[in-house]
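Overview (structure and organization)
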Amino acid sequence: MFGQLLTREIVRYWRSRQDLLNALAFFVIVVTLFPLAVTPEGRLLRLMGPGVIFVAALLSTLLSLEGLYKEDYHDGTLEYLVLQSGQPMTVVASKIAAHWLLSGLPLTLLSPVLGGMMQLSGHTIMVEFWALLLATPTLSLLGAVGSGLTVGLRQSGVLLALLVLPLYVPVLIFGTSAVMAAAMELSYSGQLALLGAILALALPLAPLAALASVRVSIR
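Presented here is an overview of the structure given in this document.

Criteria and thresholds
Residues numbered from 1 in each chain as written. Predicted model: local features only at pLDDT ≥ 70, side-chain atom pairs only at ≥ 80, totals over all residues. Heavy atoms only, no water. Helix = DSSP H or I, 4+ residues; strand = E, 2+ residues; numbered from the N terminus. Buried < 20%, exposed > 50% of the residue type's maximum accessible area, 1.4 Å probe, protein only. Polar contact = N/O pair within 3.5 Å; in protein donor to acceptor, adjacent residues only side chain to side chain. Contact = heavy atoms within 4.5 Å. 1 Å grid on protein atoms, 1.4 Å probe; cavity = no way out; pocket = protein on both sides within 12 Å on 5 of 7 lines; lining within 4 Å. Points joined across faces, edges and corners; volume = space filled by probe spheres on them. Nonpolar A, V, L, I, M, F, W, Y, C, P; charged D, E, K, R; others polar. Core = buried A, V, L, I, M, F, W, Y, C linked by side-chain atoms within 4.5 Å. Axes fitted to C-alpha atoms, helices over the stretch in contact; angles between N-to-C directions. Parallel < 35°, antiparallel > 145°, perpendicular 65-115°, else oblique. Left-handed = near helix turned anticlockwise from the far one by under 90°.

1. A short note on the side chain of S64
- Of note, S64 is situated in helix α3 (residues 42-65).
- By relative accessible area, which is 6% here, S64 ends up buried.
- Within the structure, S64 has its side chain in polar contact with the side chain of H99 (distance 2.9 Å).
- One polar contact links S64 to S103, side chain to side chain, over a distance of 3.2 Å.
- Leave out the neighbours within four places in its chain, and S64 touches L20, A23, H99 and S103.

See the structure below:
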């Protein structure tokens, strides 16, 4: 059932792919315009680049969260799947997985190119890639909880940001510090380990919280 639901979610995202493309375009535009707005000087870009890329990835993920459940909520499919399918956790898990595959993973794959634009070294770009690979699934998992709580609201964007951004702060701190440590040739294994620990904690707990938040919204 998970495979069927995942395929359905990917097809649904493909039909409304403009939302995902907008999020990716936002990520690229923010990182691209930053050197023009601040400075093209290499030393400063290498210092600020990791933070800029992580903040842009975080906000891009946030842009795509609003549509996680909304379409299925409005046509009644979400209520049927959660209450009648017999496997509500599988429904939520497939939505989170599809969101990461079509939002978080493309951001991660684009990051080496944008890291080069920020004049980061090859080693720093590699660490940035692995940090985002650990961080972006966590962003999707935590974002699914906030999206479930706000799915029934007409204008949920601001409230969703207020709910989710505090949860994103540890991911932002550890991810940015790992890349900056690599740029300064310091040890970064501790920060990556903490990102992995947050992901390991979120994998079993966030879908449960997301399912509970969806049930609150559809009742």
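2. Thoughts on empty space enclosed by the protein
- Counted according to the given criterion, the structure contains two cavities of 30 Å³ or more.
- Taken as a whole, the largest cavity holds about 40 Å³ of empty space.
- Residue lining of the largest cavity: F54, A57, L58, L132, A135, T136, L139, V171 and L172, and that is the complete set.
- Contributing elements (two or more residues each) for the lining of the largest cavity: α3, α7 (122-150) and α8 (157-183).
- A per-element tally of the lining of the largest cavity places α7 first, with four residues.
- Residues that form the lining of the largest cavity fall into these classes: eight nonpolar, one polar and no charged.
- When its volume is computed, the second largest cavity comes out at roughly 30 Å³.
- Residue lining of the second largest cavity: E66, Y69, K70, S147, T150, V151 and S156, and that is the complete set.
- Classifying every residue of the lining of the second largest cavity by side-chain character gives two nonpolar, three polar and two charged.

3. Here we look at the nonpolar core
- If you look at the biggest cluster of nonpolar residues, it comprises 31 residues, and the most contacted ones within it are F27, V31, I53, M118 and Y168.
- Of all the secondary-structure elements, those providing two or more residues to this core are α2 (17-37), α3, α6 (88-117), α7, α8 and α9 (189-218).
- Once residues lying within four places of it in the same chain are set aside, the contact partners of F27 are I53, A56, A57, S60, L107, L110 and L114.
- Core analysis: the next-biggest nonpolar cluster, separate from the first, contains 21 residues, L20, L68, V145 and L199 among them.

4. Quick word on the packing of α6 against α7
- It is at 9 Å that the axes of α6 and α7 come closest, and there the two elements cross at 155°. Considering their axes alone, α6 and α7 lie roughly antiparallel with respect to each other. In terms of crossing hand, the pair formed by α6 and α7 is right-handed. Listed contacts from α7 to I96, H99, W100, G104, L105, T108, L109, S111, P112, G115 and G116 of α6 are I125, E128, F129, L132, L133, T136, P137, S140, L141 and A144.
- Grouping the amino acids of the contact of α6 with α7 by side-chain chemistry returns twelve nonpolar, eight polar and one charged.

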